[in-house]
Amino acid sequence: MAIGDNMIGLTRPEVEVWSPRVVVVLGMNPSLFTGPGTNTFLVGTGPRRILVDTGQGVEAYLPVLERAMETAGCEGIEQILLTHGHVDHIGGLAQIRARFGPIPARKLFGPGEDTAAHPELRPLADGDRVETEGATLRAVHTPGHAPDHLCFVLEEEEALFSGDNVLGVGTTVIPSEGGDLALYLRSLTRLIGEAPSRIYPAHGPRIDDGVARIRQYLDHRMERERQILGALAHGPAPIPELVARIYVDVPRALHAAAAHSVAAHLTKLEREGRVRRLRPGPPLETTWERAEKSAGAP
Ligand SMILES: [Zn+2]
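Rules used in this analysis
Residues numbered from 1 in each chain as written. Predicted model: local features only at pLDDT ≥ 70, side-chain atom pairs only at ≥ 80, totals over all residues. Helix = DSSP H or I, 4+ residues; strand = E, 2+ residues; numbered from the N terminus. Expected span 1.5 Å × (residues − 1). Buried ≥ 20, exposed ≤ 12 C-beta atoms within 10 Å, placed from the backbone. Core = buried A, V, L, I, M, F, W, Y, C linked by C-beta atoms within 7 Å. Domains from an automatic or database assignment. Contact = placed C-beta atoms within 7 Å. Pairing = 2+ DSSP bridges.

### Examining helix α7 (residues 255-271)
No. 1: For α7, with 17 residues, the first-to-last C-alpha span of 24 Å sits near the 24 Å given by 1.5 Å per residue.
No. 2: Here α7 has its buried residues at A257, A258, H260, S261, V262, A263, A264, H265, L266, K268 and L269.
No. 3: Looking one or two residues beyond α7, the residue adopting positive phi is G273, at roughly 75°.

Given below as C-alpha cells:
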C-alpha cells in the first residue's frame with residue numbers, strides 16, 4: 001500500500017527486464033493504494049526461477065506472468081518468496097499453484113502465525129539465504145509497514161527487493177492495524193546499513209539511487225513529525241484537522257490514508273511523551289495536544 005499524488009494515473013509496462021537476473025511482472029491490480037499495481041519478480045538465470053510476491057490474484061496476471069517467463073527464458077518457478085501477508089502480495093498464491101503445481105512458498109511468520117495456521121506456507125527467518133541458479137536472496141526482517149515484512153538483498157547485485165518499505169513513487173502507509181512507525185524508521189535505518197545500490201520496489205519504477213532514496217524517506221518522516229508538532233503548537237486538534245492543515249498538496253481522496261499516517265506519528269510521539277490525548281475518544285475524534293514543556297515552538 002502506498003500514498004502519494006503521483007501514484008494516481010501512473011502506468012507501468014506489464015513486463016520489464018530490470019537486470020540480467022531480474023524480470024519485473026506487473027500484478028495487473030491497479031488501484032488508489034497499489035498505484036499501477038503490485039510488482040512481482042522472476043529472479044535468477046536458470047530454467048526455473050524464484051518468484052518474489054504473487055500479486056493479488058486477478059485473472060489478468062497469469063498470461064502476463066507466462067509472457068514474462070518467455071521473456072526471461074525460463075520454464076518454471078522453483079519457489080515463491082513473499083515480502084509480507086498483505087493481499088496484494090500474497091493473494092495470487094492459489095492461482096499460481098493452480099496453474100503451475102504445488103510450488104513451495106515461504107514467508108516470515110508474524111505474531112500468531114505458524115504452520116498450523118498456514119499449512120500452505122513454510123517459515124522464512126531474518127538472515128535466511130535462498131539460492132537459485134544465478135541469484136542468492138537474503139531475508140532482512142523489516143517490520144513497521146507490517147510485522148511480518150521481509151526485504152530481500154540480491155547479493156550478486158547489491159540490490160534490494162524492498163517490498164512495501166520503500167516504493168518507486170509515493171510513501172509507505174503505516175496501517176493502524178499491524179503498522180508501527182518507530183519500528184518502520186528503525187527498519188529504514190537498517191536498510192541504509194545494507195547500502196543497496198539499486199532498489200526493486202513492490203510498487204512503481206526501479207530506484208537507481210538506493211541509499212539516497214531511503215534517506216529521503218527518513219527525512220520525509222522527520223519533516224512530517226515536525227509539521228505535526230508545529231500544527232499542535234497552535235493549539236489542540238483532532239486528526240482530521242491536522243490532516244487538513246498539513247496535507248494541503250494531497251488530493252482529498254487520499255486524506256483518509258493521510259489520517260492513518262498522522263495517527264501513526266501521534267502514536268509514536270505519545271510513546272515518546274511528546275504529545276497526549278486531551279479528550280480521548282474514537283481515533284478520528286480524539287483531540288491531541290503537545291505534552292512538552294516548551295510547547296510554544298515546534
Ligand atoms: Zn503491504
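### A short note on the nonpolar core
No. 1: The biggest cluster of nonpolar side chains holds 71 residues, and the ones touching the most others in it are F41, L42, V43 and F152.
No. 2: It is α7 that contributes the most residues to this core, 7 residues altogether.
No. 3: Built from parts of two domains, this core gets at least three residues from each of domain 1 (2-208) and domain 2 (221-290).
No. 4: Aside from chain neighbours lying at most four places away, what touches F152 is V52, L81, L137, R138, A139 and F161.

### Quick word on the pairing of strand β10 (residues 135-141)
A regular strand places its side chains on the two faces of the sheet in alternate fashion.
No. 1: Both strand β9 (residues 129-132) and β10 contribute to a ladder of 4 bridges, which runs antiparallel. Within β10, the position partnered with R129 by the bridge is R138.
No. 2: Taking the residues that link successive antiparallel strands as the turn, the β9-β10 hairpin has 2 residues, and the phi of G134 there is positive, at about 90°.
No. 3: Both β10 and strand β11 (residues 150-154) contribute to a ladder of 5 bridges, which runs antiparallel. Note on β11: the bridge partner recorded for H141 is L150.

### Here's the deal with the environment of A195
No. 1: With respect to the secondary-structure elements, A195 resides in the loop between α4 (181-193) and β14 (199-201).
No. 2: For the pair A195 and V211, spaced 16 residues apart in sequence, the C-alpha to C-alpha distance is 5.9 Å.

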